[in-house]
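# Examining the three-dimensional arrangement
This is what each chain is made of:
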Amino acid sequence: MTFMEVKHLKKIYTSKLGSKGTEALKDVNFSVEKGEFISVMGESGSGKTTLLNIISTLDNATEGEVYLDEQALSAIKDKKISKFRREQLGFVFQDFNLLDNFTLKDNILLPLVLSRKSVEEMEGALEPLVKRLNIEDLMNNYPYEVSGGQKQRAAVARALITRPKIILADEPTGALDSKSSQNLMEILSDVHQNGQTILMVTHSARAASYSSRVLFIRDGQVYHEIYRGDKEPDDFIDSISQSLLVSSKGSV
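In this report, the structure presented in the accompanying data block is examined. Nothing here was measured: the structure is a model prediction, and the numbers come from that model.

### Comments concerning the overall build of the protein chain
Secondary structure summary: the protein chain contains 8 helices and 10 strands in total. At 18 Å, the protein chain has a C-alpha radius of gyration in line with the 18 Å of a compact globule built from 252 residues. Taking the principal axes of its C-alpha atoms as reference, the protein chain extends roughly 50 × 45 × 40 Å. Scored against the burial criterion, the 252 residues of the protein chain give a buried share of 48%. Long-range pairs, those at least 24 residues apart, make up 70% of the contacts in the protein chain between residues at least 6 apart in sequence. Summed over its atoms, the accessible surface of the protein chain is roughly 13,000 Å², and 45% of this surface lies on carbon and sulfur atoms. Where the 31 positive side-chain charges of the protein chain centre and where its 35 negative ones centre are 5 Å apart.

Right, here's the structure in full:
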């Protein structure tokens, strides 16, 4: 079942001087099935972060549209956009985006507090989630008191707490060491196995190998995609690396 559709997406950034501008996205088209785990890969400047920003409603397309459950994201009124992001989208960022003056528990619960959920609802959602992510003993710690991997687990918990339609992850392993990166990707893989739809931007072939499909973007266009099928992550890495090699040669 098609869950999200990206149709003819184009983004041009214009300067204040009124020059021609920079075309970040040319004509991006792809669809996401419910429950898929998709990675988007490409070199710096290829347009992948711009694409994620438009899908997350943090930026607007110059042309084209993104549909989530057949709802055009551009049609959401400004006064409702924050509520939409909070309740329908889950975000996981490279730099965690945790508030240092909040405990991990308060950071995780913040989306539910903003949605004015009851204490009972919040506690009911929190307990199984942090236990599943193995951070239940850290709830009273502050972000500066825990490791990078533990911060990112808290960020994942915050993204999942509202039971969003889709998780959007922007280089989630970028600030982690290799062991923490592997641990995080195993967590996201487990989240995906439980039916969560995930769209992740990454430069890491190893991180992308946990997804079910990889889209490759170059010069503002999706030019190639590969499916994992029944391959294990270690076997899928070879296919991803080969596609990245072809991409780098094509951009010379």
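The structure having been displayed, the exposition proceeds.
### Concerning the packing of aromatic side chains
Applying the stated criterion to the full structure yields 3 aromatic pairs. Considering the side-chain rings of Tyr142 and Tyr144, the 5.7 Å spacing of their centres and the 10° angle between planes classify their relative orientation as stacked. Stacked on the ring of Tyr223, the Lys or Arg Arg218 has its end atom at 4.1 Å from the ring centre.

### Concerning the pairing of strand E9 (residues 213–218)
Here E9 lies mainly inside the structure; 5 of its 6 residues are buried. With 4 bridges joining them, strand E3 (residues 37–41) and E9 adopt parallel strand pairing. The residue bridging Met41 from the neighbouring strand is Phe216, located in E9. Bridge analysis of E9 against strand E10 (residues 221–227) gives 6 bridges, and the strand direction is antiparallel. Considered in E10, the bridge of Arg213 is made with Tyr227.

Cut-offs used in this document
- Residues numbered from 1 in each chain as written.
- Predicted model: local features only at pLDDT ≥ 70, side-chain atom pairs only at ≥ 80, totals over all residues.
- Heavy atoms only, no water.
- Helix = DSSP H or I, 4+ residues; strand = E, 2+ residues; numbered from the N terminus.
- Rg over C-alpha atoms; globule rule 2.2 N^0.38 Å.
- Buried < 20%, exposed > 50% of the residue type's maximum accessible area, 1.4 Å probe, protein only.
- Contact = heavy atoms within 4.5 Å.
- Areas by Shrake-Rupley, 256 points an atom, 1.4 Å probe, with all protein chains shown as cover.
- Lys, Arg positive; Asp, Glu negative; His and termini not counted.
- Charge placed at Lys NZ, Arg CZ, Asp CG, Glu CD.
- Phe/Tyr/Trp six-rings, centres within 6.5 Å; stacked < 30°, edge-to-face > 60°.
- Lys NZ or Arg CZ within 6 Å of the ring centre and 35° of its normal.
- Pairing = 2+ DSSP bridges.

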